[in-house]
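# Residue-level structure breakdown
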Amino acid sequence: MIAPPAVAVTNGAGKPITGYNYAFLDELSKKAIRRALFKAVAIPGYQVPFGSRELPIARGWGTGGLQITFSLIGPGDVVKVIDQGADDSVNAVNIRRLIERTAPDVGTTTVTAEATIIQSRHRTPELPLRAEQIMVYQVPLPEPLRLIERREAETRRMHGEADYSRMWVALYEDIVRNGRITRAAGYPALVHGRHVMSPSPIPKWDLPRLHMAANLSLFGAGREKRIYAVPPHTSVVPLAFEDFPFAVERFAGKRCAICGSQESFLVPTPSERGETFYVCSDTAWCFDRARAQAREDLPR
Amino acid sequence: MAYTSVRGGAEAIAAAERLIAQLPTEPDEALLELRQVRNQLRAAVDQVMGEGGLYAPDLAALALRQAEGDMAEAAFMVRAYRSTLPRLGYTHPVRGDEMLAVRRISSTFRDVPGGQLLGRTRDYTQRLLDLAHQTSNGGVAAPSMSLNGQTDRAGYQDGAAEGPDLPHWDGRVPKVSDAMRAMRLIEPLPSSTDDTEPVDITRASMRFPVGRSAWLQAMARGETGALVCLAYSAMRGYGGGDHGTIADLRVGDLPVRLTHPLTGKPMTIGHIRVTEVEMTGRTRPREGDGKRQPPYGLSYGLVFGQNERKAISMALLDSALMAGSSGEGNPAPANDQEMVLYHTDGIESFGFVEHLKLPHFVTFGSGLQVSLEDAGVNGSAPPPSNGRTKDGRASVSAVGDLVASSHGQAGAS
């Protein structure tokens, strides 16, 4: 077992930056983004084009999610930022620092239950979210059909006509070639029975937790300039066949080396001594469990 | 030290920030003055303004110094700053022949109305390193070499000798394209001004197919090298359009005009230095179309500052995209709107390419579980058609082997 860290993450946020607007973007830009968000909520899974702004974070590093977060936050909000499930992954730290420096009255946290807005790259927190919490996903490639059709004009037509035949054929061919559907993270799903959506590169493990979730999920692709949403209590059904059903990743009896979990998404970590151990990718969830166990172990 | 989310990301990036806060100067070395960057690295400043989409020489110079000369990074800083500025108003359109040109050439005719002015260019110089100045701090600045005033228009016109006898050059020259219109070589200008609102790709994302105003705006902000690459591919036969001769290339200052908020009259608030290119070439005869069309077409490039290779590339690609829109022939990359416009924005392409440096262990791990099951090394039965496997223990060395072999395959492909 590996000991969890004793203290919570600190950011070393530094001074608020001067000369910039509250939450970086100018207010008219934020308003334009919120309008795109409304449209996205009204048409679940539909990719709304928006006038994506450049941020001081590079394209492909979370600018879509961050534009959504910036256009939503205000005094009283508490933001949690995770990357690969971890609060202290370098990019998550950097994004959280930017939020802290440009919106000094917004709180930040690593505790999932405390957050009003959770911005994430590649993971959904293990802890189920409440209705008042908003999940913001960073999306690299919003178009689930891109790998079977490179032209944007054509994929828009396919979505417009709900013509997903080539997607089904691609999945079928995967089975013919490989005996199973080999797609892993970013598994396509049908939202509200209408639009096929990329859930962003979250593992298959996370996909069932989007289905009929109590919370609102927002997806932002800054470079590709698309925003989409899964409103609360909306169906999110992974594309699969009756005889080849969807299945999440399996860890074949592995448990987390820190908290012993067998019920969370684990990531393999090779050590210098040549062994591979597994740990939870959701660090907040993992360390919570480990600390709770440590308290129970204390003599009373 | 720690890069992944093991622990310590905050400390590591704070340390990295401390390292880049100091420019790598020696103890007795002065920081470059922004004025030195702005004037002596003028081409870099111009390129950063163009790709950053913001005409701000001082900010571009600041970005270049802060980025230690990294052009992509500097253009990115300028773009990011641009996002914080509200859109307060719109300028009036200006015609290219209102430009006060400091350089103007045409390759279509031996003599052109208004004459040619070679100006400051390295085109016909020999690109020899000035080794005599290698150890000194460079040459002595010419006292009159102001790049913003009238002096840089004192150039060399049509073989005229340098010196006080320079022919009169007030910077305003008619367009070769207008002469070609008079010769009925190209289509006449529309009789009325087209008041269609131009697309603004910074306010609404491109929806394909896009119109010409969108692709011109996108390319004006495009990355120089990427535009040169695609334009060059068109010249070498991968698609391309009609246009291969420069009717007009001019560098100079265009007025920026706004409506005065009180008087309601247009007023000039300043000038911007731009490079403007009009290219012409023979149109391809269209079959079945009984109408006689003019034998030549025209394409356009306009970029901030002096960046001639980008402006020429933009005009070549404008022509290639027009050819692509008319649906003629077999489209090559340069004729394909999505290909050209999605892949020539430097901020987006370098950002996404470099995002591969971010941790990816969740997606990698998710794929790894599939691979392990396929290979049967996770104690799981391979190809489970019913989506179920029996539990088992992984051999630690087998996991390592599989990771190593999948790396090998990726490298070989």
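Residues numbered from 1 in each chain as written. Chains lettered and ligands numbered in written order. Predicted model: local features only at pLDDT ≥ 70, side-chain atom pairs only at ≥ 80, totals over all residues. Heavy atoms only, no water.

Glancing now at the sheet that holds strand β10 (residues 236-238) of chain A. All names here are of chain A. Here three strands make up an open sheet; going across it, the order is β7-β6-β10 and the pairing antiparallel. At either margin of the open sheet sits one strand with a lone partner, and together these are β7 (195-197) and β10. Mean inter-strand twist for the sheet, computed between neighbouring axes without regard to direction, equals 35°. Pairing of strand β6 (residues 189-191) with β7, which is carried by three bridges, proceeds in the antiparallel orientation. Across the sheet, the residue bridging to L190 is V196, located in β7. (Pairing = 2+ DSSP bridges. Helix = DSSP H or I, 4+ residues; strand = E, 2+ residues; numbered from the N terminus. Axes fitted to C-alpha atoms, helices over the stretch in contact; angles between N-to-C directions.)

This next bit is on the side chain of B:R250. All names here are of chain B. Summarising the element assignment, R250 is placed in strand β2 (residues 245-259). You can call R250 buried: its relative accessible area is 0%. Reaching out from R250, the side chain makes a polar contact with the backbone oxygen of V173 at a distance of 3.0 Å. Side-chain polar atoms of R250 contact the side chain of D248, separated by 3.1 Å. The residues touching R250, leaving out its near neighbours within four places in the chain, are G96, D97, M99, A101, R103, R104, V173, P174, K175, V274, T275 and E276. (Buried < 20%, exposed > 50% of the residue type's maximum accessible area, 1.4 Å probe, protein only. Polar contact = N/O pair within 3.5 Å; in protein donor to acceptor, adjacent residues only side chain to side chain. Contact = heavy atoms within 4.5 Å.)

Let us now look at the pairing of strand β12 (residues 276-280) of chain A. The buried count for β12(A) comes to four of five residues, which makes it a mostly enclosed element. The hairpin formed by strand β11 (residues 266-270) of chain A and β12(A) contains five residues between the paired strands, and A:G274 there has a positive phi angle of roughly 95°.

Once that is clear, we can look at the pattern of salt bridges. A full pass over the atoms with the stated rule returns 44 salt bridges over all chains. A salt bridge links A:E149 to A:R166, with the nearest nitrogen and oxygen atoms 3.1 Å apart. Taken as a pair, A:E149 in the loop between β5 (134-138) and α4 (152-160) and A:R166 in helix α5 (residues 165-178) lie far apart in primary sequence, 17 residues in all. A:E149 gets classed as buried once you look at its relative accessible area, which sits at 7%. Classification of A:R166 by relative accessible area gives partly exposed; the value is 35%. Between B:R95 and B:D178 there is a salt bridge, and its shortest N-O distance comes to 3.6 Å. Pair noted here: B:R95 is in the loop between α5 (71-82) and β1 (100-105) and B:D178 is in helix α6 (residues 176-182), with a separation of 83 residues, a long-range link. (Salt bridge = Lys/Arg side-chain N within 4 Å of Asp/Glu carboxyl O.)

It is worth spelling out the layout of surface pockets at this point. The computed volume of the second largest pocket comes to approximately 1900 Å³. Lining the second largest pocket are 40 residues; nearest its centre among them are A:P56, B:I20, B:Q66, B:E73 and B:M77. At the level of secondary structure, the elements contributing two or more residues to the lining of the second largest pocket comprise α3 (90-102) of chain A together with α1 (9-21), α4 (57-66), α5 and α11 (346-354) of chain B. Tallied by class, residues from the lining of the second largest pocket come to 27 nonpolar, five polar and eight charged. (1 Å grid on protein atoms, 1.4 Å probe; cavity = no way out; pocket = protein on both sides within 12 Å on 5 of 7 lines; lining within 4 Å. Points joined across faces, edges and corners; volume = space filled by probe spheres on them. Nonpolar A, V, L, I, M, F, W, Y, C, P; charged D, E, K, R; others polar.)

To continue, consider the environment of B:R127. Residues and elements named next belong to chain B. With respect to the element layout, R127 can be found in the loop between β1 and α6. Only 3.2 Å separates the side chain of R127 from the backbone oxygen of R122, close enough to count as a polar contact. A polar atom in the side chain of R127 sits 3.5 Å from the backbone oxygen of D123.

Our next topic: the pairing of strand β2 (residues 78-83) of chain A. Residues and elements named next belong to chain A. The element β2 is largely enclosed, with a buried count of five among its six residues. When β2 meets strand β3 (residues 107-108), the two strands line up parallel, connected through two bridges. From the neighbouring strand, V78 faces β3, where its bridge partner is G107. You can see the chain leave β2, run along α3 and come back into β3, and the turn it takes is right-handed. Bridging between β2 and strand β4 (residues 117-121) involves five bridges; their strand directions are parallel. If you follow V79 over to β4, its bridge partner there is I117. (Right-handed = clockwise from strand over helix to strand, strands pointing away.)

What follows concerns the confidence of the model for chain B. Residues and elements named next belong to chain B. Taken as a whole, chain B shows an average pLDDT of 81; of its residues, 78% reach a score of 70 or greater. By mean pLDDT, helix α13 (residues 396-412) is the weakest element of chain B at 36, and helix α3 (residues 42-52) is the strongest at 98. Here residues 1-6 is modelled with pLDDT under 50, and outside its nearest four sequence neighbours on either side it reaches 15 contacts, counting other chains as well. Confidence over residues 379-413 falls short of pLDDT 50; this stretch has 48 contacts with residues more than four positions distant or in other chains. The complex model carries a pTM of 0.82, and its ipTM stands at 0.79. (pLDDT = per-residue confidence, 0-100.)

The next point concerns the nonpolar core. The biggest cluster of nonpolar side chains holds 37 residues, and the ones touching the most others in it are A:L66, A:F70, A:I73, A:V79, A:I99 and A:I227. Of all the secondary structure elements, the ones that give two or more residues to this core are α1 (27-42), α2 (63-72), β2, α3, β8 (216-221) and β9 (226-230) of chain A together with α5 and α11 of chain B. With residues up to four places along the chain from it excluded, the contact list for A:I73 reads A:Y22, A:A23, A:V79, A:I99, A:A103, A:V106 and A:I117. Counting 32 residues, the second largest nonpolar core, distinct from the first, contains B:I105, B:L216, B:L230 and B:M314. (Core = buried A, V, L, I, M, F, W, Y, C linked by side-chain atoms within 4.5 Å.)

Once that is clear, we can look at the sheet that holds strand β3 (residues 266-282) of chain B. All names here are of chain B. As summarised here, the arrangement of the four strands in space is β1-β2-β3-β4, forming an open sheet in which the pairing is antiparallel. Each having just a single partner strand, β1 and β4 (296-304) make up the two edges of the open sheet. In this sheet, neighbouring strand axes are inclined to one another by 25° on average, regardless of whether the strands run parallel or antiparallel. One ladder, built from five bridges, connects β1 with β2; its direction is antiparallel. Residue pairing for β2: R104 is matched across the bridge by R250. Packing of helix α9 (residues 308-325) onto the sheet brings it into contact with β1, β2, β3 and β4, and relative to β4 it is tilted by some 140°.

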